[in-house]
Amino acid sequence: MASPKPQCSGFVTTPRTHLRPSGVTIDDPFLTETNNSQKRKLSQKQKTLSYKFSIGSHLSPWPTYTSGQTILHNRKPCSDDYWKQAGSWQQQPLGTAKPRYLEQLENYLRKELLLLDLSTDSAQELRLQPYREIFEFFIEDFKTYKPLLSSIKNAYEVMLAHQREKIRALEPLKAKLVTVNDYCNKRILAMRAQERTEISMLKKEKMNLLKLIDKKNEEKISLQSEVTKLRKNLAEEYLRYLSERDARKILIADLNELRYQREDMSLAQSPGIWGEDPVKLTVALKMTRQDLTHTQMELNTMKANFGDVVPRRDFEMQEKTNRDLQEQLNSLRDDYKEVCKEHEILLQLHMSTLKERDQFYSELQEIQRTSTPRPDWTKCEDVVAGGPDRWQMLAEGKNSDQLVDVLLEEIGEGLLREKDFFPGLGYWESIPPFLRFDGVVENKKPTKKDVVNLLRDAWKERLAEEQKESFSDFFFNFLERRFGPADAMAWAYTIFENIKLFRSNEVMSQFYAVLMGKRKESVYIKQKETVTQLLKEMTNVDSQNEGLLTMEQLRTVLKSTFPFKKEEKIQELMEAGGWHPNSSNADLLNYHSLLMEDEEGQSVPFVQKLWEQYMDEKDKYLQELKQELGLKLHDEVTVPKVREALMIIDPRLDKQTLNNYLSQAFQLPVTELPEEGEEKEEDIVIWMQTALERLQMADIRRMGPREQEPAS
């Protein structure tokens, strides 16, 4: 069977435009118009070429029967390879010549490639355009294979477009990467310069401390030399006193000898003595001499026994002096140790101060980079409904972040009042069940007081039922029972928009958090139970049922109700309740006013402070759990690790509470939790960040103080 005849055509040079695949649907009208114009140009080219050339025979089977013929490859026109190839074509026999249509296509391709300007950045895309046009001509001329060839071309065009978009998206990242690299290099150089300055300062401080240590050592050496000198002086004084004592005794003996001789001479010269008996006098003299010899012997014995002994008085004086010097030396040693300890503490304090300084400096730079001028909030007085008085009431005691929330609520409330209808959000799975509606719903425009009362009634009904259904389903069923099925969806959208807007209102914000699954119902229920228990304790203390308590009684009630709170936390609650430094413990306080809410659901400062402390304690509890686990947020944790960490930071956890915490963290029923020691405990694995987020949503409280580690 004869093959279909292709349309022979000449070629006309056209501008380089990207041709869209024929099988791809494009919604852009500009691109569609461009595509149509390209097709018209292509059709005009084919019509023009058809008048110039014609082939009367069937499609040639070339080059199936020519073994030596070469098909045109991607060769640069006018190159050596091109002319060699052209020479080889001229040497081919006439019976194996190429079809004329193929030669026309190749001539057109060579002509277009010669006309290209390959010195630009988009040379490759321009080089691709002639091949694209040749392929379009080929597709249009061979109708039988047009669908297959078009799909092939479209697939390549889509891929090329995707790659171009990808390259275009990566170009800004390259510039940003260079900028970030320069910035990081500057930061590194600045930090190195700062470190060099700090190192030089630390070296100077080290030299000063070394000089101080040398000075203390010199003082110690001087004191030791002084003690040695005093000891030497003490020995010299002892020898001097000993010599004086011996000399005194010898002098006394000499004086006695002289006295005796004088007495003998006086007796010999006295006229009355001649009357005495000479025998008696001789015997007396003999006895006296014997006594003198005996006394002299005792004196020599005493000298021999006590020659190196100092007087007790001198000994005690020297001992006292030595004791004082020893105490002074010990005191100096203790002072030296204290100075060393203080030096170490100062070094540690210096290092911590450097770290804090670096941290504060980085925070200051970040604040200077990101901060904006402080707004003048007095400008809002003329904008907010109610004038300056109402704005002062709203802005009292609030920081800038809270004032922004207040201003947004005021603006949002006005916009919410102007809306008569809300657009339905559809039936997507991401939409909460109570908001799944397609169309428009009416804005009921209730007041803030009406919304708060409605939410309070919903909580009362929720606490009264058995809680078998989810909270979102309960909320919609409550609205159906309250307003009927026809208006339930309108009220659902109205309540949802109000509680989403008024985040500063405690009743609305807590209801919104529970409704959207950001917080468990048990948190709200436990908070209400705590307030009820506190009111009960206050009522029990109020024996007169007057509704009044003294400050001391209030402190006692708070300590008994919250035994694990520190003294400063109790003090914060006392100050929120009305205590101030000038208050007396006997001052009376109406305790009912501490737990009241206004008509719009706003709690008094005492209840707000109680809620803030609960959230702070929960954050601290979870932070201790994270530190005890010692893992990063994207690391995996198992049931045994979390159980062990909870028991370490809170040893008084009972088994039921511990299982409840684990059930919240791993989202498993308590009955399905494996017992401690079972092998399948290790199979239950989640990310630590997920576990902490789930525990943050639940009611987590400390059951007892953490055991202190023994001091080393």
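Within every chain, residues take consecutive numbers counted from 1 along the sequence as written. At least 70 in pLDDT is required for a residue's local features to be given in this predicted model, at least 80 for side-chain atom pairs to be given and counted, and no such filter applies to totals for whole chains, interfaces and linings, which use all residues. With hydrogens and water stripped out, all remaining heavy atoms of the structure feed into the side-chain values.

Draft legend 1. Region of the structure containing the overall build of the protein chain. Segments assigned H or I by DSSP are reported as helices when at least four residues long, segments assigned E as strands when at least two residues long, and all are numbered from the N terminus. What the protein chain contains, in helices and strands, is 20 helices and 6 strands. For the exposure calls, accessible area comes from a 1.4 Å probe over protein chains only, and a residue counts as buried if that area is under 20% of its type's maximum, exposed if over 50%, partly exposed in between. Across the 712 residues of the protein chain, 28% fall into the buried class. Considering only contacts within the protein chain whose residues lie at least 6 apart along the sequence, 68% involve residues at least 24 apart. A contact between two residues is defined here by any heavy atoms of the two lying within 4.5 Å.

Draft legend 2. The environment of Arg701, seen in detail. Among the secondary structure elements, Arg701 is positioned in the segment after helix 20 (688-697). Each C-alpha atom of the pair Arg701 and Leu622 lies 9.8 Å from the other, and the pair is 79 residues apart in sequence. Only 3.1 Å separates the side chain of Arg701 from the side chain of Asp699, close enough to count as a polar contact. The definition of a polar contact used here is a pair of N or O atoms within 3.5 Å, where within protein one atom must be able to donate a hydrogen and the other to accept one, and adjacent residues in sequence count solely through side-chain atom pairs.

Draft legend 3. Examining the packing of aromatic side chains more closely. Only Phe, Tyr and Trp rings are paired, with Trp represented by its six-membered ring, and only when their centres lie within 6.5 Å; those with planes under 30 degrees apart are stacked, over 60 edge-to-face, the remainder tilted. In this structure the tally under the stated criterion is 15 aromatic pairs. Taken together, a centroid distance of 5.5 Å and an interplanar angle of 85 degrees make the contact between Phe434 and Phe475 edge-to-face. Note that Phe434 is positioned in the loop between strand 1 (421-423) and strand 2 (440-442) and Phe475 in helix 11 (residues 471-483), a separation of 41 residues in sequence. An angle of 85 degrees between the planes, with centres 5.8 Å apart, marks the rings of Trp459 and Phe511 as edge-to-face. With Trp459 in helix 10 (residues 448-464) and Phe511 in helix 13 (residues 506-515), the pair connects residues that are 52 residues apart, well separated along the chain. Judged by relative accessible area, which is 2%, Trp459 ranks as buried. With a relative accessible area of 0%, Phe511 lands in the buried category. Each member of the aromatic cluster is reached from another via a ring pair, and the members are Phe434, Trp459, Phe471, Phe474, Phe475, Phe478, Phe496, Phe511, Tyr512 and Tyr524. The ring of Tyr241 has Arg240 sitting right over it, with the charged end atom 4.8 Å from the ring centre. Counted as over-ring charges are cases with an Arg CZ or a Lys NZ within 6 Å of the ring centre that also lie within 35 degrees of the ring normal.

Draft legend 4. Examining a negative patch on the surface more closely. Each patch is built from residues that are more than 30% exposed by relative accessible area and take part in no salt bridge. Like charges join if they lie within 9 Å; nonpolar side chains (Val, Leu, Ile, Met, Phe, Trp, Tyr) join within 5 Å. All accessibility values rest on the Shrake-Rupley procedure with a 1.4 Å probe; residue burial counts only the protein chains present in the view. Any carboxyl oxygen of Asp or Glu within 4 Å of a side-chain nitrogen of Lys or Arg constitutes a salt bridge here. Neither His nor the chain ends is counted toward charge; the positive residues are Lys and Arg and the negative residues Asp and Glu. Here the site of a charge means atom NZ of a Lys, CZ of an Arg, CG of an Asp or CD of a Glu. There is a patch of like negative charges on the surface, built from Asp334, Asp335, Glu338 and Glu342. Looking at the element boundaries, Glu342 is found in helix 7 (residues 312-370). A relative accessible area of 46% places Glu342 in the partly exposed class.

Draft legend 5. Representation of unusual backbone geometry in the model. Positive phi, normally seen in glycine, also occurs at Lys445, with a value near 55 degrees. Structurally, Lys445 can be placed in the loop between strand 2 and helix 10. Under the relative-accessibility criterion, Lys445 is labelled partly exposed at 33%.

Draft legend 6. A look at a positive patch on the surface. Together, Lys220, Arg333, Lys337 and Lys341 give the surface a local cluster of positive charge. Considering every element that reaches the positive patch, the biggest residue donor is helix 7, with 3 residues. Lys220 gets classed as partly exposed once you look at its relative accessible area, which sits at 42%.

Draft legend 7. Region of the structure containing the pattern of salt bridges. Taken as a whole and assessed by the stated rule, the structure comprises 27 salt bridges. Here Lys153 ties to Glu157 by a salt bridge, and the two come within 3.5 Å at their closest N and O atoms. In this pair, Lys153 and Glu157 are both assigned in helix 5 (residues 146-269), 4 residues apart and thus about one turn of the helix distant. In terms of burial, Lys153 and Glu157 fall into one category: buried. The partner of Lys559 in a salt bridge is Glu567, with the nearest N and O atoms 3.5 Å apart. Accessibility expressed as a relative area gives 40% for Lys559, which makes it partly exposed. Look at Glu567 and you get partly exposed, because its relative accessible area is 40%. Salt bridges here are not isolated pairs; linked through shared partners, they connect Arg132, Glu136, Lys153 and Glu157.

Draft legend 8. Region of interest: the side chain of Glu198. Here Glu198 shows up in helix 5. Every residue in contact with Glu198, bar those within four places of it in the chain, is listed here: Arg357 and Asp358.

Draft legend 9. Structural detail: the nonpolar core. Here, the term nonpolar core denotes a set of buried Ala, Val, Leu, Ile, Met, Phe, Trp, Tyr and Cys residues that are joined through side-chain atoms within 4.5 Å. Counting 34 residues, the largest nonpolar core has Phe434, Leu455, Leu479, Ile495, Ile499 and Phe511 as the members making the most contacts within it. For this core, the secondary-structure elements that each account for two or more residues are helix 10, helix 11, helix 12 (485-501) and helix 13. Residue contributions to this core peak at 8 residues, all from helix 12. Membership of the second largest hydrophobic core comes to 25 residues, among which are Tyr621, Val639, Ile649 and Ile686.

Draft legend 10. Region of interest: a nonpolar patch on the surface. Taken together, the side chains of Met207, Leu210, Ile213 and Tyr336 define a hydrophobic patch exposed on the protein surface, amounting to about 330 Å² of accessible area. Take the nonpolar patch: its biggest share by element is 3 residues, from helix 5. By the secondary structure assignment, Met207 is in helix 5.

Draft legend 11. A look at the environment of Glu442. By the secondary structure assignment, Glu442 is in strand 2. Note: C-alpha distance between Glu442 and Tyr493 (51 residues apart in sequence) is 8.5 Å. Within polar-contact distance, the side chain of Glu442 engages the side chain of Lys444 at 3.3 Å.

Draft legend 12. The arrangement of the packing of helix 11 against helix 13 in detail. Across the interface, helix 11 lies against helix 13 with an axial gap of 9 Å and an inter-helix angle of 120 degrees. One way to sum up the angle between helix 11 and helix 13 is to call them oblique. For the pair helix 11 and helix 13, the contacting residues are Phe471, Ser472 and Phe475 in the first and Phe511, Val514 and Leu515 in the second. With axes taken as lines fitted to C-alpha atoms, and helix axes fitted only over the stretch in contact, angles between N-to-C directions fall between 0 and 180 degrees. Each angle gets one of four labels, with under 35 degrees taken as roughly parallel, over 145 as roughly antiparallel, 65 to 115 as roughly perpendicular, and the rest as oblique.

Draft legend 13. Local environment of helix 18 (residues 639-649). Turning to helix 18, its buried residues are Val639, Val642, Arg643, Ala645, Leu646 and Ile649. An end-on view of helix 18 places all buried positions within 165 degrees of arc, on one side of the element. Against the buried residues of helix 18 lie helix 17 (605-629), strand 5 (636-638) and helix 19 (655-666). In this description, one arc is meant: the one made by directions from the helix axis to the C-beta atoms.

Draft legend 14. The arrangement of the packing of helix 3 (residues 100-115) against helix 4 (residues 123-141) in detail. Axis separation between helix 3 and helix 4 bottoms out at 9 Å; the angle between their running directions is 160 degrees. As summarised for this structure, helix 3 and helix 4 are arranged roughly antiparallel, according to the angle between their axes. For helix 3 against helix 4, the interelement crossing comes out right-handed. Counted together, Tyr101, Leu105, Tyr108, Leu109, Glu112 and Leu113 of helix 3 and Arg127, Pro130, Tyr131, Glu133, Ile134, Phe137, Phe138 and Asp141 of helix 4 form the full contact between these two elements. Definitions for this section: a left-handed crossing has its near helix turned counterclockwise from the far helix by less than a right angle. A right-handed crossing has that turn clockwise.

Draft legend 15. Representation of the environment of Glu617. Looking at where Glu617 falls in the secondary structure, it is placed in helix 17. Exposure remark for Glu617: the relative accessible area of 35% places this residue in the partly exposed category. Spatially, the C-alpha atoms of Glu617 and Ile700 are 9.2 Å apart, while their sequence positions differ by 83 residues.

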